[in-house]
Amino acid sequence: MPATQLATVLRDAITRLNRRVRQTRPVGDLTGTQLSALTSLELAGALTPRELADTERVQPPTMTKIVAKLEERGLVQRTPHPTDGRQVILAVTDPGRRMLAQFERARNEWLAGRLAELTPEERDVLRRAAEILQKVARD
């Protein structure tokens, strides 16, 4: 199979798997957008609302609404910016971290269940493919 055709097939498979994993979530009312913003904050450590909007590729007014919902649920906290009094810094709270862990567990359990249905040989192929995909992503 030529590299261009493999790229199409692989990209499609990764996209579909990623979509399915993202859809797997514990019961709750956190939206995908809210979860994504919370995850971005956790990965970054802390961001201004503008930085978070840029990271999530949404307009600042949209991010203001998302942050308000997260803050209302106690998942995000605001603290004064250390050098700019007009700004705030957003960070994930302990309840926010616990919620992220709950979502990650649900996703991992779903995927582990699907992988358990495969043969040992198929799982070995996927293990090797994961190593290769990590290499591709690093380069």
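Residues numbered from 1 in each chain as written. Predicted model: local features only at pLDDT ≥ 70, side-chain atom pairs only at ≥ 80, totals over all residues. Heavy atoms only, no water.

Draft legend 1. Just the layout of surface pockets, in detail. Reported here for the largest pocket is a volume of approximately 530 Å³. For the largest pocket, the lining is made up of 19 residues, of which Leu 17, Leu 111, Leu 115, Leu 126 and Leu 133 are closest to its centre. Within the residue set of the lining of the largest pocket, elements represented by two or more residues are helix H1 (3-23), helix H5 (94-116) and helix H6 (120-138). Residues of the lining of the largest pocket, tallied by class, amount to 13 nonpolar, two polar and four charged. Around the second largest pocket, the lining is made up of 15 residues, and of these Leu 35, Thr 39, Leu 100, Phe 103 and Arg 107 lie nearest the centre. When grouped by side-chain class, the residues that make up the lining of the second largest pocket number five nonpolar, four polar and six charged. (1 Å grid on protein atoms, 1.4 Å probe; cavity = no way out; pocket = protein on both sides within 12 Å on 5 of 7 lines; lining within 4 Å. Points joined across faces, edges and corners; volume = space filled by probe spheres on them. Helix = DSSP H or I, 4+ residues; strand = E, 2+ residues; numbered from the N terminus. Nonpolar A, V, L, I, M, F, W, Y, C, P; charged D, E, K, R; others polar.)

Draft legend 2. Looking closely at a nonpolar patch on the surface. Together, Met 1, Leu 6, Val 9, Leu 10, Ile 14 and Leu 133 make up a nonpolar patch on the protein surface, roughly 530 Å² of accessible area in all. The leading source of residues in the nonpolar patch is H1, at four residues. By the secondary structure assignment, Leu 10 is in helix H1. (Patch = residues over 30% accessible without salt bridge, like charges linked within 9 Å, V, L, I, M, F, W, Y side chains within 5 Å. Areas by Shrake-Rupley, 256 points an atom, 1.4 Å probe, with all protein chains shown as cover. Salt bridge = Lys/Arg side-chain N within 4 Å of Asp/Glu carboxyl O.)

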